[in-house]
Amino acid sequence: MPDPRTVLPGTPKRIGVAADHGGFELKEYISRMLREAHYEMVDFGDKQPKPDDDYPDFVVPLARAVTRGEVDRGVAICGSGVGACIAANKVPGVRACLIHEHFSARQGVEDDDMNVICLGGRVVANTFAWELVRTFLHARFSGAERHRRRLAKLVKLESSEAA
Ligand code: RB5
């Protein structure tokens, strides 16, 4: 079992985080754990816990940074994780999912090339959320033909819906 605070070779290195007030505390915790584990952490806000802030204002810039390759992967958090997930998936090229268990944290990357993990700050405990993030970051897209075929259909859908 690798040291949980060590970045494994080949893992994504630059990780973006974003949260509204509902996810602020968890974002601060995940940010600290990412730094301690020697990831390069980029904070898209909110920078202060403001009870009236709106998750799209932080999650959409994070999602754009993922698709532009400015960060390798994203962690998007709101109270339930639902709003963050909906917002992130509006950005073409983002494959975000609300995750509550390890199987999907891993398989979502291996099969579906998930590039943003969404968490509910009012739903999951900090330590468990960090374990889910680690599983997500340690997982790799398998590149299997059937998964590429499915993803290609989604890419096509994104362009045809945008037209
Ligand atoms: C904000 O109170 C809350 O609605 C938001 O953080 C999130 O849970 C939305 O899905």
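For every chain, the first residue of the written sequence is number 1, and numbering continues from 1 along that sequence. Given that this is a predicted model, residues contribute local features only at a pLDDT of at least 70 and side-chain atom pairs are listed and counted only at 80 or more, while totals for whole chains, interfaces and linings are drawn from all residues. Excluding hydrogens and water, the side-chain values take into account all heavy atoms of the structure.

Chemist: Which residues make up the sheet that holds strand β2 (residues 40–43), and what are the values?
Modeler: Should DSSP find at least two bridges between two strands, the strands are taken to pair. Labels follow the DSSP assignment, with helices taken as runs of H or I lasting at least four residues and strands as runs of E lasting at least two, numbered in each case from the N terminus. Taken together, five strands build an open sheet; the order of strands is β2-β1-β3-β5-β4 and the sheet is parallel. Where the open sheet ends on each side, the last strands, each with one partner, are β2 and β4 (96–98). In this sheet, adjacent strand axes meet at a mean angle of 25° when their direction is disregarded. As judged from the four bridges shared by strand β1 (residues 14–19) and β2, these two strands associate in the parallel manner. Within the sheet, the bridge partner assigned to Arg14 lies in β2 and is Glu40. Throughout, a contact is declared for two residues whenever any of their heavy atoms are within 4.5 Å. To get an axis, fit a line to the C-alpha atoms, keeping to the stretch in contact for a helix; angles then go from 0 to 180 degrees between the N-to-C directions. Strand contacts of helix α3 (residues 82–89): β3 (73–78), β4 and β5 (116–120), with the helix running at about 165° to β4, the strand carrying the most contacts.

Chemist: So what about the site of the ligand? Which residues, and what values?
Modeler: Nearness here has a simple test: a residue counts as near a molecule or strand if at least one of its heavy atoms is within 4 Å of that partner. Taken together, Asp20, His21, Tyr55, Cys78, Gly79, Ser80, Val82, Gly83 and Arg122 make up the full set of residues near the ligand. Taking His21, its side chain carries an N or O atom lying 3.1 Å from an oxygen atom of the ligand. Starting from 290 Å² of accessible surface for the ligand in isolation, the protein chains cover 69%. Taken together, the residues of the shell around the ligand break down into three nonpolar, four polar and two charged. Whenever a nitrogen or oxygen atom comes within 3.5 Å of another N or O atom, the pair is scored as a polar contact, on the condition that within protein one atom can donate a hydrogen and the other can accept it, and that pairs from neighbouring residues in sequence are kept only if both atoms are in side chains. In this description, accessible areas are obtained by the Shrake-Rupley approach with a 1.4 Å probe, and a residue is regarded as covered only by the protein chains that are shown. Here the term charged refers only to Asp, Glu, Lys and Arg, the term nonpolar to Ala, Val, Leu, Ile, Met, Phe, Trp, Tyr, Cys and Pro, and the term polar to all other amino acids, Gly among them.

Chemist: Requested: an account of the pattern of salt bridges, with residues and values cited.
Modeler: Criterion for a salt bridge: a side-chain nitrogen of Lys or Arg within 4 Å of a carboxyl oxygen of Asp or Glu. Counting across every chain of the model gives nine salt bridges. Among the ionic pairs, Glu40 bridges to Arg14, the shortest N-O distance being 2.1 Å. Here Arg14 lies in strand β1 and Glu40 lies in strand β2, a separation of 26 residues in the sequence. Here Asp46 makes a salt bridge to Lys50, at a shortest N to O gap of 2.8 Å. Asp46 sits in the buried class, given a relative accessible area of 4%. Accessibility expressed as a relative area gives 41% for Lys50, which makes it partly exposed. To sort residues, take the accessible area from a 1.4 Å probe on protein chains only and compare it with the maximum for the residue type: under 20% means buried, over 50% means exposed, and anything in between is partly exposed.

Chemist: Hey, could you go over the environment of Asn115 for me, with residue numbers and the actual values?
Modeler: Within the secondary structure, Asn115 is located in the loop between α4 (102–110) and β5. Put simply, Asn115 and Gly93 are 22 residues apart on the chain and 8.9 Å apart in space, counted from C-alpha to C-alpha. If we skip the residues at most four places from it in the chain, Asn115 touches Val66, Arg73, Gly74, Gly93, Val94, Arg95, Ala96 and Phe136. Here Gly93 takes part through its backbone oxygen, which lies 3.0 Å from a polar atom of the side chain of Asn115.

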